[in-house]
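# Working through the structure, step by step
Below, each chain spelled out in residue letters.
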Amino acid sequence: MSTVKLTVNGKAVAVDVEDRTLLVHLLRDHLNLTGTHVGCDTSQCGACVVHIDGKAVKSCTMLAGQADGASVTTIEGIAKGDELHPMQAAFRDNHGLQCGYCTPGMIMSAIDIVHRHGGQLDEATVRHELEGNICRCTGYHNIVKAVLDAAGRMKVSQAAE
Ligand code: FES
Ligand code: FES
């Protein structure tokens, strides 16, 4: 057992976990943050993507102990009160989700993609960048539309801050 100290969605937490515990299980089983999902056991699906110090990471492929000292953001941490993050709003408005199981990971990946590419995003880039996130419902088309839409919204909301 080890104590892992990390900041999750802006809150400092200390959790005692077995050394083999994966970050995704720390989040889901110990912190009850069950938006982050597990869709595979081979690091392919991306349903488990969270941000570690602002970067998208598959939390099923990282030990909880490796996140010691890090700042973790999950899907539960991106809305501001009742106000959705622009990426969440764009997924809703463009019908970028059906069952919703891939959506938390998809949204966390998509936010990182927009941060890295800024206003330079085009459809081919979004499709390429999202290759680490699998969706069985949407056929991806509306997800791509949502990400491109959100890229514009995020620029506007950042400019307003
Ligand atoms: S659960 Fe599938 S990549 Fe993490
Ligand atoms: S919305 Fe169902 S897997 Fe993507």
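Preceding this paragraph is the structure being described.
Notes on the structure follow. (Residues numbered from 1 in each chain as written. Chains lettered and ligands numbered in written order. Predicted model: local features only at pLDDT ≥ 70, side-chain atom pairs only at ≥ 80, totals over all residues. Heavy atoms only, no water.)

Looking only at helices and strands, the protein chain has five helices and five strands in total. When the helices and strands of the protein chain are read in sequence order from the N terminus, they spell out β-β-α-β-β-β-α-α-α-α. If you line up the protein chain on its principal axes, its C-alpha atoms span 45 × 35 × 25 Å. Of all 161 residues assigned to the protein chain, the portion counted as buried reaches 45%. For the protein chain, long-range pairs separated by at least 24 residues make up 59% of all intrachain contacts whose partners lie at least 6 apart in sequence. Here the protein chain has roughly 8,400 Å² of accessible surface; of this, 49% comes from carbon and sulfur atoms. Charge-centre separation for the protein chain: the mean point of 14 positive side chains lies 3 Å from the mean point of 18 negative side chains. (Helix = DSSP H or I, 4+ residues; strand = E, 2+ residues; numbered from the N terminus. Buried < 20%, exposed > 50% of the residue type's maximum accessible area, 1.4 Å probe, protein only. Contact = heavy atoms within 4.5 Å. Areas by Shrake-Rupley, 256 points an atom, 1.4 Å probe, with all protein chains shown as cover. Lys, Arg positive; Asp, Glu negative; His and termini not counted. Charge placed at Lys NZ, Arg CZ, Asp CG, Glu CD.)

Take the packing of helix α2 (residues 86-93) against helix α3 (residues 103-117) next. Viewed as axis vectors pointing N to C, α2 and α3 meet at an angle of 120 degrees, and their least axial separation amounts to 10 Å. Classified by the angle between their axes, α2 and α3 sit oblique to one another. Note that α2 runs across α3; the crossing there is right-handed. Across the interface between the two elements, M87, Q88 and F91 of α2 pack against T103, M106, I107, A110, I111 and V114 of α3. Among the residues making up the contact of α2 with α3, the classes are represented as seven nonpolar, two polar and no charged. (Axes fitted to C-alpha atoms, helices over the stretch in contact; angles between N-to-C directions. Parallel < 35°, antiparallel > 145°, perpendicular 65-115°, else oblique. Left-handed = near helix turned anticlockwise from the far one by under 90°. Nonpolar A, V, L, I, M, F, W, Y, C, P; charged D, E, K, R; others polar.)

Looking only at helix α1 (residues 23-30), the buried set comprises L23, V24, L26 and L27. Angularly, the buried residues of α1 cover 165 degrees about the axis, an arc narrow enough to put them on a single face. Contact partners of the buried residues in α1: β1 (2-8), β2 (11-17), β3 (49-52) and β5 (71-73). (Arc of directions from axis to C-beta.)

What follows is about unusual backbone geometry. One non-glycine residue with positive phi stands out, namely N32, at about 65 degrees. Its location among the elements puts N32 in the loop between α1 and β3. The phi dihedral of D53 falls on the positive side, at around 45 degrees, and the residue is not glycine. By the secondary structure assignment, D53 is in the loop between β3 and β4 (55-58). Note on D53: relative accessible area 53%, which makes it exposed.

A word on the pattern of salt bridges. In this structure the tally under the stated criterion is seven salt bridges. Between D93 and R92 there is a salt bridge, and its shortest N-O distance comes to 3.1 Å. Looking at D93, the relative accessible area reads 39%, which means it is partly exposed. For R92, a relative accessible area of 48% corresponds to the partly exposed category. If you follow the salt bridges from partner to partner, you end up with R92, D93, D149 and R153 in one network. (Salt bridge = Lys/Arg side-chain N within 4 Å of Asp/Glu carboxyl O.)

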